[in-house]
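If you want the building blocks of each chain, they are given just below.
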Amino acid sequence: MSQLLQNALKGLQSLLNGGKMKLTQTEQLGSLLAVLKKYMFHGLPGLNIEMPAVLYPAPLPQYDGRSPLKQEPMEINPSKPIVSKRKKAKGKQKKGHQGEELKEANGEIGAGAASALGKLTLHEGSAVGSAYLSTPSGGSEGSSPAARDRASSYLSSSPWKRISSSESDYSDAEGGLQSKMRSYQAKVRQGALACFLSTIKSIEKKVLYGYWSAFVPDTPGIGSPQSVSLMTISLKDPSPKTRACALQVLSAILDGSKQFLSVAEDTSDHRRAFTPFSVTIASSIRELHRCLLLALVAESSSQTLTQIIKCLANLVSNAPYNRLKPNLLTKVWNQIKPYIRHKDVNVRVSSLTLLGAIVSAQAPLPEVQLLLQQPCSSGLSSNSSAMSWLSSSDWRRDASYAETLEESTDMLAASSGEPCWLIRLCISIVVLPREDPCSDSDTSCTAGNIYEPSPVRLESLQVLALLVKGYFVMAQGYLMELGEVACRCMEETDPSIQLHGAKLLEELGTGLIQQYKADSIVAPSQRVPVSLVVMFWAMMLNGPLPRALQNSQHPTLQASSCDALSSILPEAFSSLPNDRQILCITLLLGLNHSKNPLVKAAAARALGVYVLFSCLRQDVMFVADTANAILMSLHDKSPNVRAKAAWSLGNLTDTLIVNMEMLGQSFQEEFSGLLLLKMLRSATEASKDKDKVKSNAVRALGNLLHFLQPYHIVKPRFTETIEESIQALISTVLSEATMKVRWNACYALGNVFKNSALPLGTAPWTAQAYSALTSVVKSCKNFKVRIKSATALSIPDKREQYGSVEQYAQIWSALVTALQKSEDTTDFLEFKYCASLRTQICQALIHLLNLASGADLSCIQETMEQSGDMVRLYILQYLKSGVEGDDTGSAPSPQERDKMLSEALEHVRGIQEPSGEAAKKAITAYLEGILTTYTSAAESCGSLL
């Protein structure tokens, strides 16, 4: 029977893996999952569950009743126990290390014992849970000898005790027919789990999460037993291989579940008549943590232990800890520490992966910040040997650096508080020789390899990079040490180690840049001093970084080194020696000619960063060289290279605008007109490329058209190109491209309108540009695009730029219609931009009033008669409110808004147009009424205050 089931499950799995089985209907998937759930418990001692024929998507656990246990069909006479010799263990296990060898007195598990197992529940607060997980907050008692002794004593007294370090599924004490039968049953369970894994891979995740409660544990209600789940197998199955299979399935379910789990919330006490779904999911997350930690302490098989830790890492990566009560991560943190020094290399690697997941979980989390500041514990070495290897470094003995280093180190040590044991641990793993001999699982260990195996070192570097990314304030105290680690790694021969060293360097550079951004929350006194940053980058550029950049045999390392080089703090770059600055620029310009698209893309992006540096952007020669290099990459056959080049071209044109505003006409005259024309043509061509290229190409076009001077515009060779460029922008605004592209196109047209030298208002493209913007402001699904189009419509500062009376009337009417439709959307995510949109439209309307001519008054009056009440309401809201929502730009203050409307009123009063006198009086009275209402309300509010 078991063999038949095995073959049937293998057949199902083959159909799923081959894509021949299409689970398109709920009934089909539900039937399959019901069968798989039944057989993943097949023959499990102590369990005999009854499953419905079909599982349906449901937020709560479904019926999986347990029937009375039947006598096993092939019972062996207990009066004649089977005796066999145990296999001799390969090595004596240390006392208390992940559980002890467990013996089975009899070769069977009787019905009474199995019944006892069936009654074992794992709900929170149970004796088993407290035995394993009752740890003090400051320590790691769950993995201490005392805790493991309690775990072992409990397991040894249980009839379902599991086998420890044997390589086979069962010990030789279980012989004969019953042993074979249990082996067959275990294979059925493994087959069902393997089939379930294939099912998970063949259906959409959102469909799978409908069955979450059928396979993932939840805290049971008072007086009710816990429903069976994948964790039941992970905790109770006697076969290590089956336990590992169950954990693999659970990992696959958790993988990519962040969006589903993000609804979880239990930060407040819910006292309601019903339990919200968010609380149910939060309860399930807590129970997963508890059960996995329980399995971690009880497990003895290294392979299964690795799967437990991987599963925990997947859970940590996807759980929303910022919405959950604290202490979950603290328990995981304290339990995993001892496994970092485990004899099995795979366990060590997975333990570091888990620590990396904790460090990167919604970073920075206050709970993790406290854990990182805790003193070293649980037997981990806390000595400073990891730092002693730095004392011999040449740069440290350089007298020119000694004083700066000493002052900066003292300041950083005072600001970063307690030493971080995790940083010290990872550094020691990467740079220090290993302390213990190779274990059986260290396949990479050779006689000449004195360091930890490469996977362990790589994972340590990954943890360091994540820690620097999420908790830079803590890592900055080790800036020079971590820089030295990056140097040491890039000097090694292993390409993977070199690559991770470059990635660590990039994260360090990015962290320094973030500290100096205008919106940084780090106080100036807490930042790394620029002098130390200069020393840091001087060490990098005098070290292996230039060699890595020129290592054409390893293009991935070259690309990663380009990214690292682009993370230099601009303030530090300007203080580097001149030859180091020239070295950086020369290397990047040279790599832009690389035949490898990965390297070329990275170099193009890095040039786009450098062209924004204040010490470089005013250098006309550098800007021109960079422009030529970027234009070459913009025509590359690789879409990724073109996308990076377009981004850099956008940055370069931003620099042109800054220089125009700061240096005036002198810079514009120095900049080559021929190169400017070439940039215009290339950007126009790129605006017809893929969306990733197009979004920055249109941004560049707007800047270039804004940069043009009258002497450019009058040249015949520019005329046609300008026309084509503007037509490209108009087409993009009206296209079905992504919203980011259309937003950039609207922004670009606004930039075009800022150039008074262009014939806006008289050129044939004027009507087309306004028509495109008015169409978008009225009907675009994306409100941020509507906002940007309204902004563009309010930029021209002369009446003649709006064209004819009919053109002006069209724009005015479109804005009024857009105001009326400012809440028309079916996407609830857009509602948060409603206030911003109304603010921008009201500003545009007042701006148009300020420029209106006598001939325009009749159109305005007609709108007032039709929609006056609606417009009045929104303008009053505009006058009263502060800056609302996002993307309002530099919105004026309420006082400035009041002044703008008053100026518009005075402008209308001053219009001398006999034929429009009636319209003028009506509009004047309308505006006076709005201002009177606003002033009265403001005075009333002031008197109340």
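What you see is a predicted model; the values in this text were computed from it and never measured.

## Thoughts on the packing of aromatic side chains
Now for step 1: Enumeration according to the criterion identifies 16 aromatic pairs in this entry.
Now for step 2: Pairing Tyr770 with Tyr802 gives two aromatic rings, centres 5.7 Å apart and planes at 20°, and the pair type is stacked. Taken together, the positions of Tyr770 in helix H40 (residues 765-779) and Tyr802 in the loop between helix H41 (783-793) and helix H42 (805-820) put the pair 32 residues apart, joining distant regions of the chain.
Now for step 3: One aromatic cluster is present, formed by Tyr209, Trp212, Phe260 and Phe277 through successive ring pairs.
Now for step 4: When the ring centre of Phe215 is taken as reference, the NZ or CZ atom of Lys37 above it lies at 5.8 Å.

## A look at the pattern of salt bridges
Now for step 1: Under the definition given, this model contains 19 salt bridges.
Now for step 2: Between Asp636 and Lys600 there is a salt bridge, with the nearest N and O atoms lying 2.9 Å from each other. In this pair, Asp636 sits in the loop between helix H32 (620-634) and helix H33 (639-663) while Lys600 sits in helix H30 (residues 597-610), placing the two residues 36 residues apart along the sequence. Of the two residues, Asp636 and Lys600, neither departs from the other in class, the shared state being buried.

## Description of the environment of Ala737
Now for step 1: Within the fold, Ala737 resides in the loop between helix H38 (716-734) and helix H39 (739-753).
Now for step 2: Residues contacting Ala737, with those up to four places away along its chain left out, are Asp691 and Arg742.

## Structural notes on unusual backbone geometry
Now for step 1: Going from Ala363 to Pro364, the amide bond is cis rather than trans, its omega being 0°.
Now for step 2: With respect to the helices and strands, the residue Pro364 is situated in the loop between helix H15 (345-360) and helix H16 (366-373).
Now for step 3: For Asn327, which is not a glycine, the phi torsion comes out positive at approximately 95°.
Now for step 4: Relative to the helices and strands, Asn327 is located in the loop between helix H13 (302-318) and helix H14 (328-336).
Now for step 5: A relative accessible area of 35% means that Asn327 is categorised as partly exposed.
Now for step 6: Despite not being glycine, Gln362 shows a phi value in the positive range, around 45°.
Now for step 7: By secondary structure assignment, the location of Gln362 is in the loop between H15 and H16.
Now for step 8: Overall, Gln362 belongs to the partly exposed group, its relative accessible area being 26%.

Rules used in this analysis
- Residues numbered from 1 in each chain as written.
- Predicted model: local features only at pLDDT ≥ 70, side-chain atom pairs only at ≥ 80, totals over all residues.
- Heavy atoms only, no water.
- Phe/Tyr/Trp six-rings, centres within 6.5 Å; stacked < 30°, edge-to-face > 60°.
- Helix = DSSP H or I, 4+ residues; strand = E, 2+ residues; numbered from the N terminus.
- Lys NZ or Arg CZ within 6 Å of the ring centre and 35° of its normal.
- Salt bridge = Lys/Arg side-chain N within 4 Å of Asp/Glu carboxyl O.
- Buried < 20%, exposed > 50% of the residue type's maximum accessible area, 1.4 Å probe, protein only.
- Contact = heavy atoms within 4.5 Å.

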